[in-house]
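What follows is the residue order along each chain.
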Amino acid sequence: MQLTYSKNVFIPLTNACRNRCGYCGFRSDRPRIMSKREVVDILKKGRRARCKEALFTFGEKPEVIPQIKKKLEHWGYSSIIEYLYKLCEDAIKYGLLPHSNPGVISEEDMRLLREVNASMGLMLENSSERLCQEGMPHYYSPGKNPKERIKVIETAGKLRIPFTTGVLIGIGETWDELLDSIKLLKSLNDKYGHIQEVIIQNFKPKPGTPMENRPEPSIRYMVEAVRLARKTMPTMSIQVPPNLILGSLELYLDAGANDLGGISPFTKDYINPEADWPKIEDLEMVSRKLGVRLRERLPIYPRFISKGWYSEKLKDLIHSYSDSEGLVKWS
Ligand code: SF4
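Residues numbered from 1 in each chain as written. Predicted model: local features only at pLDDT ≥ 70, side-chain atom pairs only at ≥ 80, totals over all residues.

(A) Looking closely at the overall build of the protein. The secondary structure content of the protein amounts to 12 helices and nine strands. Here the C-alpha radius of gyration of the protein, 19 Å, is about what a compact globule of 331 residues would show, namely 20 Å. Taking the principal axes of the C-alpha coordinates as reference, the protein spans close to 50 × 50 × 40 Å. Among the 331 residues that make up the protein, the fraction classed as buried is 45%. Within the protein, contacts between residues separated by at least 24 positions form 74% of all contacts whose residues are at least 6 apart in sequence. (Helix = DSSP H or I, 4+ residues; strand = E, 2+ residues; numbered from the N terminus. Rg over C-alpha atoms; globule rule 2.2 N^0.38 Å. Buried ≥ 20, exposed ≤ 12 C-beta atoms within 10 Å, placed from the backbone. Contact = placed C-beta atoms within 7 Å.)

Written as structure tokens, this is what we have:
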């Protein structure tokens, strides 16, 4: 059995966001946005640490916050997408393949970002509109309306963008709603063939948020969610976040997980800053004990490399990093 991960740098571009999800500890009412210099500094360190992926994560439509809009304009950008595009070009220049999570954006913006992203991502979270009702975690989050998110995932399929998505577990969904969400992702992938991995992510309560006292899902529930995803999508890569499930890896692998997502040698998980990334050497040791082959992969999965689902701007980098299997040839 093979277990994959991507060695990356995590770049939390801005914590400004138009949404207010009940579980979010990342968004801030006094937001900041990283300057190009700060980003380039991380990219340079990433290059030195032999990372291959630059993960850009940030709040949705941050320009609706006046101070962020003003800052972008001051730097000469009309939108966060325009700024992101330039930073992705920098990432490529420093030898890192961009993977952006820009939230709900237009088809035009996705088409633009496709040129400079090896893959992109948007969590479905859950397909149930019930979670957007009053008293539920997505009530103050227009961007978490499942219809909006499904549209983005579909657009990615039409544009042939290798795509990462997933579900958030333990936010008040029922088992049937989870099942519906996973079936929906399957049907989108059956139609467009563009989903490269499905993340099964556990909710973690964050101090100071409306859901700070809500218990996180049990390991048993999480393992069953992974099993459900594996049963529904037998050939899909099923990802579990290694810093949130450490200690129970064997159970997750038994249930069908086969990918650990991004692991950074020096940047934090800014969404779950309390949870350190495991060291790759430690993971190698655990994998060996479990009889599993740990392999580094790129942010674009092998089958999309074979199909040529990447732009000319990324071609040389992808080819220089990948071996005949489409995985990383050196680490
Ligand atoms: S979880 Fe994401 S979309 Fe929701 S408030 Fe936080 S940053 Fe915004």
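That covers the picture; the talk isn't over yet.
(B) Local environment of the environment of S78. For S78, the location among the structural elements is in the loop between helix 2 (66-74) and helix 3 (80-93). When the C-alpha atoms of S78 and E63 are compared, they prove to be 9.0 Å apart, with 15 residues separating the residues in sequence.

(C) Structural view of helix 12 (residues 312-321). Of the positions making up helix 12, those classed as buried are L314, I318 and Y321. Down the axis of helix 12, the smallest arc covering the buried residues is 65°, so these residues share one side. Across helix 12 from its buried face, at more than 90 degrees, point the exposed residues E312, K315, D316, H319 and S320. Here the buried face of helix 12 lies against helix 3, strand 3 (97-101) and helix 11 (302-306). (Arc of directions from axis to C-beta.)

(D) Structural view of the environment of V198. Relative to the helices and strands, V198 resides in strand 6 (residues 195-202). Separated by 41 residues in the primary sequence, V198 and Q239 place their C-alpha atoms 5.9 Å from one another. For V198, the residues in contact, after removing those within four places along its chain, are T165, G166, L185, A229, M233, M236, I238 and Q239.

(E) Layout of the site of the ligand. Around the ligand sit C17, N19, R20, C21, C24, F26, R27, G59, E60, S141 and G143, and that is every residue in its neighbourhood. Taken together, the residues of the shell around the ligand sort by class into four nonpolar, four polar and three charged. (Near = placed C-beta within 6 Å. Nonpolar A, V, L, I, M, F, W, Y, C, P; charged D, E, K, R; others polar.)

(F) Inspection of the pairing of strand 1 (residues 2-12) at higher detail. Across the 11 residues that make up strand 1, a large majority, 10, are buried. As judged from the four bridges shared by strand 1 and strand 9 (residues 293-296), these two strands associate in the parallel manner. Note that in strand 9 the partner of Y5 across the bridge is E296. With three bridges joining them, strand 1 and strand 8 (residues 259-263) adopt parallel strand pairing. Considered in strand 8, the bridge of T4 is made with D259. With respect to chirality, the unit in which strand 1 leads through helix 1 (residues 36-48) into the neighbouring parallel strand 2 (residues 53-57) is right-handed. (Pairing = 2+ DSSP bridges. Right-handed = clockwise from strand over helix to strand, strands pointing away.)

(G) Highlighting the packing of helix 1 against helix 3. Taken N-terminus to C-terminus, the directions of helix 1 and helix 3 make an angle of 25°; their axes are 10 Å apart at the nearest point. Between helix 1 and helix 3, the angle falls in the class roughly parallel. Helix 1 and helix 3 meet at a crossing whose hand is right-handed. Side by side, helix 1 and helix 3 meet where K36, V39, V40 and L43 of the first sit next to L87, D90 and A91 of the second. A breakdown of the residues in the contact of helix 1 with helix 3 according to their chemical character gives five nonpolar, no polar and two charged. (Axes fitted to C-alpha atoms, helices over the stretch in contact; angles between N-to-C directions. Parallel < 35°, antiparallel > 145°, perpendicular 65-115°, else oblique. Left-handed = near helix turned anticlockwise from the far one by under 90°.)

(H) Representation of the nonpolar core in the model. V9, I11, A54, I200, V226, I300 and I318 are the most contacted members of the largest nonpolar core, which totals 85 residues. With seven residues, the single largest contributor to this core is helix 3. (Core = buried A, V, L, I, M, F, W, Y, C linked by C-beta atoms within 7 Å.)

(I) Just unusual backbone geometry, in detail. Unusually for a residue other than glycine, K61 sits at a positive phi of about 40°. With respect to the helices and strands, the residue K61 is situated in the loop between strand 2 and helix 2. One non-glycine residue with positive phi stands out, namely E125, at about 70°. Assignment of secondary structure puts E125 in the loop between strand 4 (119-121) and helix 5 (146-158). The buried category is assigned to E125, around which 24 C-beta atoms lie within 10 Å.

(J) Quick look at the environment of P241. In this fold, P241 is placed in the loop between strand 7 (237-239) and helix 8 (242-245). P241 sits in the buried class, given 22 other C-beta atoms within 10 Å. Taking the C-alpha atoms as reference points, P241 and L260, 19 residues apart in sequence, are found 5.5 Å from one another. Discounting residues that sit within four places of it in the chain, P241 has contacts with Q201 and G261.

(K) Molecular detail of the packing of helix 5 against helix 6 (residues 175-192). Interhelical geometry of helix 5 versus helix 6 gives an angle of 20° and a closest axis separation of 9 Å. On the basis of the axis angle, helix 5 is roughly parallel to helix 6. Relative to helix 6, helix 5 is oriented so that their crossing is right-handed. On helix 6, the residues touching I153, E154, G157 and K158 of helix 5 are L188, K191 and Y192.

This is a description of form; function is not addressed.
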